[in-house]
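Listed here are the chains, written in short residue letters.
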Amino acid sequence: MKKNKGKANSTAEKEFVFEFRAGKHNCVLKVPLQFPVQENIRDLHGRLMLLHKIPCYIENELKTSLSNFMERQTTVDYDREAELALQRLTTGDVDVNQLTNAWARSYVETTLEHARPEEPSWDEDFADVYHELIHSPASDTLLNLEHNYFVSISELISERDMEIKKLQERQAAEMDKVMHQLGNTLSDHDVNAVASQHFDAQQVLENKWASELKQVTDIQKHEYQQWVISLHQDLQKSNNSSQINEEIKVQSSQLSELADSGARIFEEQPQLEESFTIHLGAQLKTMHNLRLVRADVLDLCKHRRHGSGGEKLRRLQTALSLYSSSLCGLVLLVDNRVNSYSGIKREFATVAKECTDFHFPCLEAQLDEVQQVELYARAQRSSKQKEQSEIPRNGGDDKSKMWKEIHLTSYQFYISRHSNLSEVHVVFHLCVDDNVRSGNITARDPAIMGLRNILKVCCTHDVTTVTVPLLLVHDMSEEMTIPWCLKRAELVFKCVKGFMMEMASWDGGISRTVQFLVPKSISEEMFYQLSNMLPQIFRVSSTLTLTSKH
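Residues numbered from 1 in each chain as written. Predicted model: local features only at pLDDT ≥ 70, side-chain atom pairs only at ≥ 80, totals over all residues. Heavy atoms only, no water.

**Things to note about helix α3 (residues 59–90)**
- Between its first and last C-alpha, α3 extends 47 Å over 32 residues, near the 46 Å set by a 1.5 Å rise per residue.
- Among all positions of α3, only Leu62, Leu66, Phe69, Met70, Gln73 and Asp77 are buried.
- In this structure, the buried residues of α3 make contact with β1 (12–22), β2 (25–35) and α2 (41–51). (Helix = DSSP H or I, 4+ residues; strand = E, 2+ residues; numbered from the N terminus. Expected span 1.5 Å × (residues − 1). Buried < 20%, exposed > 50% of the residue type's maximum accessible area, 1.4 Å probe, protein only. Contact = heavy atoms within 4.5 Å.)

Right, here's the structure in full:
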């Protein structure tokens, strides 16, 4: 209504006349129309047919006549407005210079060739430089430098844990003494006061170490990025290239000696793994790789402080594909709160802090961004609901609820990006509830639909390897019997197969790798039962069984 009122002075009413014959009767349809017409011609034609009960055999003729009338009258109106504009121009009512400037500004703003080029950002420049260096002889030096930074952070974290442990032991001894004197010389108020002092002391110590770790990681990130940029600039100079290559080799050998000095301390744990090759598709079949792996979900994220050659190869592979179209993703099952305070989220956050991320913001910053986006989305939905509802109800309560802690639904997920994890670039934090531990979920369960949405995002964002928890849990419990595991695995296998069949319509049929992860606590007998089930469901082309060292 406001739009029509604003244009009331420029509108004109014209009568549309249509003559047709219905049987023996000559009929005339007269309809007043406002020009310029703001509505769709198909909608107007349909309303005229319905309101005036026009016979169906007149439909096409009415539509043609109506279209011609609207086009003709619109052209007349435009011509009249153009004549009036030219008259104002010739009489001097319009400033010619102002008009030409407005035309030129509009043309420049709407034409791509006149648009200002986007200024390259620091992140984009650093990404290009890193991608070029990691595919050069300097890659070994980069990886060894990153490993040295990781070792220094690990040592700092070990010192923090040791100091916190000593403080907790000292406080536990003090609390035992206080509890022995309770009722004699001390009261409950005194015990609460000591407990409060202990809590404050722990908070102060944890905040001190958190600040120190953040400062060290910021310094490492700044030094690393500046070193990468300066090295790339030096390599661009042809006269210093040979000398710099020799320096790179020397630095690489020195750093590798430091990295390998304590390699004997680490004892590798065996990991069960079985690989399959499948071909999916109705007419044009696409080859995919499947893996069944028994491991802890965080083993795919952790770096080894004293790793072997396999650890270094995994680091290299992750670095080479960081800025590529072959990213690696991991599905992490979390609760519906966007934080890192408890459970698997806290453990993952601890792993993410063990190594500085030189390319992306820290996990806490990314979670804060997710919360801000969710708050903005809720505000937008709330505003639309208020516009649609005539009488707002409980407005104050809705606003207070909106600004409380963010809780997502059980099918939603949020994404974090990482360059400091062992085998993962992208982590999909899938929100699930306790229903996944029951044995009665179906293919329409929110957790299953969340997996489908994750696979769709993988197809549209170049994630070619994704790791999925096969049983939709990260740890086993007493109610998860062998029949429970087999039933859950069959459901997930069949659903993922259906989702992979849909991938052809999502990405055009690109070969991908899907890893099914089972908890480390599962028995070998159960693992081989699952490995026998997989080829029966997916109709496997070839099989390769591995017992690899991780």
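Next comes the rest of the write-up.
**With respect to the confidence of the model for the protein chain**
- For the protein chain, the average pLDDT comes to 82, and 84% of its residues sit at 70 or higher.
- The low-confidence segment residues 1–9, where pLDDT is below 50, has 2 contacts with residues more than four positions distant or belonging to other chains.
- Considering only residues more than four positions removed or in separate chains, one finds that residues 257–267, a stretch of pLDDT under 50, has 8 contacts. (pLDDT = per-residue confidence, 0-100.)

**So, unusual backbone geometry**
- One non-glycine residue with positive phi stands out, namely Lys53, at about 50°.
- Within the secondary structure layout, Lys53 lies in the loop between α2 and α3.

**Some words on the nonpolar core**
- In this structure, Leu290, Leu470, Phe493, Met500, Phe516 and Phe538 are the most contacted members of the largest nonpolar core, which totals 55 residues.
- Take this core: its biggest share by element is 12 residues, from helix α14 (residues 482–507).
- Filtering out sequence-adjacent residues up to four positions away, Phe538 remains in contact with Ile278, Leu290, Phe493, Lys497, Met500 and Phe516.
- Within the second largest apolar cluster, 24 residues are counted, among which are Val297, Cys301, Val370 and Val427. (Core = buried A, V, L, I, M, F, W, Y, C linked by side-chain atoms within 4.5 Å.)

**Observations concerning helix α10 (residues 343–353)**
- Looking at α10, one finds that the buried residues are Ile344, Lys345, Phe348, Ala349, Val351 and Ala352. The arc that holds every buried residue of α10, seen down its axis, measures 160°, which confines them to one face. (Arc of directions from axis to C-beta.)

**A look at the side chain of His232**
- Take His232: it is sitting in helix α7 (residues 188–236).
- A polar side-chain atom of His232 sits 3.0 Å from a polar atom in the side chain of Glu132.
- Look past the residues within four positions of His232 in its chain and what remains in contact with it is Val129, Glu132 and Leu133. (Polar contact = N/O pair within 3.5 Å; in protein donor to acceptor, adjacent residues only side chain to side chain.)

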